[in-house]
Structures are given as structure tokens and as C-alpha cells.
Amino acid sequence: MPRRLPMRPTACLALADGSLFYGMGFGATGQTVAELCFNTAMTGYQEIMTDPSYAGQIVTFTFPHIGNTGTNPQDDETADPVAAGMVVKWMPTDPSNWRNVQPISEWLAARGRIAIGGIDTRRLTRAIRQQGAPHVALAHDPDGNFDIEALVNAAREFAGLEGMDLAREVTCAQSYRWDEMRWAWPDGYAQQTDPKHKVVAIDYGAKRNILRCLASAGCDVTVLPATATYDDIMAHNPDGVFLSNGPGDPAATGAYAVPMIRDVLDKTELPVFGICLGHQMLALTLGAKTIKMSHGHHGANHPVKDNDTGKVEITSMNHGFAVDAQTLPKGVVETHVSLFDGSNCGIRMEGRPVWSVQHHPEASPGPQDSYYLFERFAAAMQDKKSVTETA
């Protein structure tokens, strides 16, 4: 029997240090540059690829079987993929799921996103853990022609995420209302028809499931762009202000977000709740600092301890920057910490209904251990109303 020759690689991942990973391309063709991170979630690849917090990043999935359930419009966290590319162990097989509408390769190709399969993702993940999130160039050419020197140089010339304000790139262009609630069997996504609280959500790159969780907690949600001012917010006469997740360097986004949040805190007694980048925006406003992490936290299995109760929650995370707990000022309490590395995962103001968390209580994908935080936000708004009515 004649020996079968190996297939010629059709994709190449080049790291800034010159390391090369060859594999088979799928999705769109072309080339892209980004920071490379890894995600340990076993489900939810479509939600991950459409999470705006992944702007400027290529995602390596440590779970080998990506694409098995296909894709469908209901699982998008925003209109189109935001992550720059995808790296997987095995090439996607034909999808087998009753909700499938389009195979992952076709879905990526239609949205201009490059992917590479057949990669030793364990080796790649070890490199990220040991050396930090690298800058990379990913190319997909069906003919397998690659200019390796140009790819490595492109990776080296990538500016990186430090100093980048990516929230402006992924935020909404104008304000809009949101009333869709969390998915529930058998009706799917129902509408909130009897909201109790008016919430203004600042969109730094908001995931749809966060907005669904707010609606399910009884909120009438109005979403405003990342650059919204204090006057823009107060024009809606809200009962509370929500600060969303998002990508990029929090210090860069804070240049315009912090003054707005400071006005909300100084001029009102409104409850304020932040998630992910929103958590970092609140921390910066209160006087803390943020730092770039070596390789960040990306996954759906991160244990977080609630310092107030001692309870451990398994959470979903996606962040490459963190609040430096050593810089928290007096009057700001650290409420949650990561049990992986001790990094900060939550803060609150003493004596005020103002708090935030680094992890994602809306999950999507991931566990729902922390969903109670949306109900706590609704309860804080109700308490504020009760005080006002009796005053």
C-alpha cells in the first residue's frame, strides 16, 4: 500500500517570538493580528466568539471539540463575532444539535473570522501560561502559501491591548431599549411586560445576556453608548445605573468613563452595579488602579470567594486586566477574590448601594451561581424607592 502523504497546511499561527504553529484553516481566508488568549470553557464557543470583551484577541479553546453543536442566531451575544480568530485542537465535525442553523466554519466565513484547527492547543496554552499572552498573526490560505517573515513581523508590530480604548469600537451607536428576558423552556426568550425599575445600562461592550438578566430581574433597561455623560443618564430619570463589560485597557476607557461615574456618585444616591470592565471603571473612579495580567482569566470554571459570606461560587470570567487590590482606598471593601490566584474579583462602597464584580454573573456560557447579584441590584433600587416614599 502506498504511503499517504500529509496534507499541506492551509493555516499558520505565528507568534512574536518566532514560534510557528501550522494547521488546517477554516472560516474566512486572509490574515489577522491580535493578542492570543486561551479559554477553558467546555461549552458556549459561539457566545465566546461574539462577546465584545474579546475585541483585539484570538481565542485558543482548550476543550478539543469545538463546533459540534453548530451555531444559531439566538446564541449570539452581539450582532457579529468580535474575537479576531479561533484556534482549536480538532477540525469541526458536522454539527449534531436540534438548534443548529449553520456549521461553525460557514458561520465564521460569513462573518470574516479566521480559524485554525489541528493545533497542539496544550502546548500553546502552556506557552501562554508561562510567557504571558503573546502577540500573534494568524493566516489562512487554501493554497498553503505563507510569508513567514512577514507574519512574524506583523505579530511583533501589533501594538497590544495596553493603552487601547476598544470600548468605543464595540459600543452601540445610539441608545436603545431592551426588554428581552433570559431563555426559559419551553417559550425561549420572553419579554418583560411589567418592569419595576428603570435602569440605564452603559454599553462598554455589553453582552446580550447581561441585559436579559437585568430585564428578568424586573428592570426596564435603556442602553446608552460608552461615551454617555451624566446629563445623558439623568435625562432618563433612572432608578439605578449599570456599567457593562467590555474590552481593552480600562485606564484608556476611564479617561471619559470615570468623570461620568464620579458625577453619578457625587450628585446622586443611585444604586450602581458594574461587571468586568464596568467593575474596573468603578474601581478607577473610587481611586484604585488597574494592572495588565500575564494571561488573564478566560473560562467558565473559575472559583471565586465571597469575603462577606465565605461562600465559594464557580464563575465565568473573561478579562486580561484586573483591579489592584493593594490600591483600594479607605471606604472601599474587597468583596470577592479569585481562588486561582488571589486577584480582586469584587468591590463595594461602605454605606452605599454601589458595588461591582470582575466575573460574569450572567454566565453565557457558564454556571449561574452569581445570578443573585442582579436580584441584589433590583432590591437596592426597591429599597431606595421605599426610603424616598417614606421621607
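What you are looking at is a predicted structure, and each value in this text was computed from that prediction instead of being measured.

## Focus: the pairing of strand 16 (residues 312-324)
No. 1: Within strand 16, ten of the 13 residues are buried, leaving the element largely enclosed by the surrounding structure.
No. 2: Hairpin connection, strand 15 (residues 289-306) to strand 16: the antiparallel pair is bridged by five residues, and G310 has positive phi, about 80°.

## What to know about the UniProt feature "domain: Carbamoyl-phosphate synthase small subunit N-terminal" (unreviewed entry) in the protein
No. 1: Taking the numbering used here, the UniProt-annotated feature "domain: Carbamoyl-phosphate synthase small subunit N-terminal" (unreviewed entry) corresponds to residues 9-139.
No. 2: Spanning residues 9-139, this segment combines 18% helix with 31% strand, and its end C-alpha atoms are found 11 Å apart.

## Re the packing of aromatic side chains
No. 1: In the structure shown here, the tally under the stated rule is seven aromatic pairs.
No. 2: Ring centres 5.5 Å apart and planes at 55° place the aromatic pair F273 and F377 in the tilted group. Placement of F273 in strand 14 (residues 272-275) and of F377 in helix 10 (residues 372-390) is noted, with a sequence separation of 104 residues between them. A single burial state applies to F273 and to F377, both of which are buried.
No. 3: Plain terms: the ring middles of Y371 and F374 are 5.6 Å apart, the flat faces sit at 35° to each other, and that makes the pair tilted. An identical accessibility class is assigned to Y371 and F374; each is buried.
No. 4: The ring centre of W90 lies 5.1 Å from the NZ or CZ of K89, which sits over that ring.

## Concerning the layout of surface pockets
No. 1: Empty space within the largest pocket amounts to approximately 670 Å³.
No. 2: Of all the secondary structure elements, the ones that give two or more residues to the lining of the largest pocket are helix 1 (45-49), strand 9 (180-184) and helix 6 (208-216).
No. 3: Residue classes in the lining of the largest pocket are distributed as ten nonpolar, 16 polar and seven charged.
No. 4: Lining the second largest pocket are 13 residues, and of these R129, H295, H297, H302 and F340 lie nearest its centre.
No. 5: The element contributing the most residues to the lining of the second largest pocket is strand 15, with eight residues.

## Some details on the sheet that holds strand 7 (residues 135-140)
No. 1: Overall, mixed pairing links the seven strands, which are arranged 1-2-6-5-4-3-7 in a closed barrel. Pairwise comparison of adjacent strand axes, ignoring direction, gives a mean angle of 35° for this sheet.
No. 2: Relative to strand 5 (residues 85-87), strand 4 (residues 57-61) is paired through three bridges, and the arrangement is parallel. Note on strand 5: the bridge partner recorded for V59 is M86.
No. 3: The strands touched by helix 3 (residues 121-131) are strand 1 (11-15), strand 2 (20-27), strand 3 (30-39), strand 4 and strand 5; relative to strand 3, the strand with the most contacts, the crossing angle is about 75°.
No. 4: Here helix 4 (residues 148-157) sits on the sheet and contacts strand 1, strand 2, strand 3 and strand 7; the angle it forms with strand 1, its principal contact strand, is near 50°.

## Some details on the pairing of strand 12 (residues 219-225)
No. 1: The buried count for strand 12 comes to seven of seven residues, which makes it a mostly enclosed element.
No. 2: Side chains C219, V221, V223 and P225 of strand 12 all project onto a buried face; the interleaved residues D220, T222 and L224 project onto the opposite face, where all are buried too.
No. 3: Strand direction decides the pairing type here: strand 11 (residues 197-203) and strand 12, joined by seven bridges, are parallel. Counted as the bridge partner of V200 is T222 from strand 12.
No. 4: Handedness of the crossover joining strand 11 and strand 12 through helix 6 is recorded here as right-handed.

## As for the pattern of salt bridges
No. 1: Per the counting criterion, the structure on display carries twelve salt bridges.
No. 2: Here R352 and E269 are joined by a salt bridge, their closest N and O atoms 3.3 Å apart. Of the two residues, R352 sits in the loop between strand 18 (344-349) and strand 19 (354-357) while E269 sits in the loop between helix 8 (250-267) and strand 14, which places them 83 residues apart along the sequence.

## Topic: the UniProt feature "binding site: L-glutamine" (unreviewed entry) in the protein
No. 1: Here the UniProt-annotated "binding site: L-glutamine" (unreviewed entry) positions come out as S53, G246, G248, L277, Q280, N318, G320 and F321. Over a stretch of 269 residues, the named residues converge on one spot in the fold, their C-alpha atoms separated by at most 13.0 Å. In this structure, the largest cavity is lined, among the annotated residues mentioned, by S53, G246, G248, L277, Q280, N318, G320 and F321.
No. 2: Inspection of the secondary structure assignment puts G246 in the loop between strand 13 (240-243) and helix 8.
No. 3: Here G246 falls in the buried class, since its relative accessible area comes to 10%.
No. 4: Those residues in contact with G246, other than ones at most four positions away along the chain, are S53, Y204, G205 and L277.
No. 5: As for its placement among the helices and strands, N318 is situated in strand 16.
No. 6: Discounting residues that sit within four places of it in the chain, N318 has contacts with D51, S53, Y54, C276, H297, H298 and H360.
No. 7: At 3.1 Å, the side chain of N318 forms a polar contact with the side chain of D51.

## Some thoughts on helix 6
No. 1: With respect to burial, helix 6 is a largely interior element, seven of its nine residues being buried.
No. 2: Taken as a whole, helix 6 has its buried residues at N209, I210, L211, R212, C213, L214 and A215.
No. 3: Looking at the residues trailing helix 6, positive phi occurs at G218, about 95°.

## Section: the state of the cysteines
Here a disulfide denotes one covalent bond, and it connects the sulfur atoms of two cysteines.
No. 1: Scanning all chains against the criterion turns up zero disulfides.
No. 2: Left without a disulfide partner, C12 is nearest to the cysteine sulfur of C37, which lies 19 Å away.
No. 3: C219 provides the cysteine sulfur closest to C213, a residue in no disulfide bond, and the two sulfurs are 10 Å apart.
No. 4: With relative accessibility at 1%, the residue C213 sits in the buried group.

## Quick notes on unusual backbone geometry
No. 1: For the bond running from W185 to P186, omega is 0°, close enough to zero to count as cis.
No. 2: Examined against the element boundaries, P186 turns out to sit in the loop between strand 9 and strand 10 (188-191).
No. 3: With an omega of 5°, the peptide bond between S364 and P365 qualifies as cis.
No. 4: Its place among the elements puts P365 in the loop between strand 19 and helix 10.
No. 5: If you check the backbone angles, C276 has positive phi at about 60° while not being a glycine.
No. 6: Position of C276 among the secondary structure elements: in the loop between strand 14 and helix 9 (277-286).

What counts, and where the lines are drawn
Residues numbered from 1 in each chain as written. Predicted model: local features only at pLDDT ≥ 70, side-chain atom pairs only at ≥ 80, totals over all residues. Heavy atoms only, no water. Buried < 20%, exposed > 50% of the residue type's maximum accessible area, 1.4 Å probe, protein only. Helix = DSSP H or I, 4+ residues; strand = E, 2+ residues; numbered from the N terminus. Pairing = 2+ DSSP bridges. UniProt positions renumbered as here; feature names shortened; annotations may be inferred. Phe/Tyr/Trp six-rings, centres within 6.5 Å; stacked < 30°, edge-to-face > 60°. Lys NZ or Arg CZ within 6 Å of the ring centre and 35° of its normal. 1 Å grid on protein atoms, 1.4 Å probe; cavity = no way out; pocket = protein on both sides within 12 Å on 5 of 7 lines; lining within 4 Å. Points joined across faces, edges and corners; volume = space filled by probe spheres on them. Nonpolar A, V, L, I, M, F, W, Y, C, P; charged D, E, K, R; others polar. Axes fitted to C-alpha atoms, helices over the stretch in contact; angles between N-to-C directions. Contact = heavy atoms within 4.5 Å. Right-handed = clockwise from strand over helix to strand, strands pointing away. Salt bridge = Lys/Arg side-chain N within 4 Å of Asp/Glu carboxyl O. Polar contact = N/O pair within 3.5 Å; in protein donor to acceptor, adjacent residues only side chain to side chain. Disulfide = S-S within 2.5 Å.

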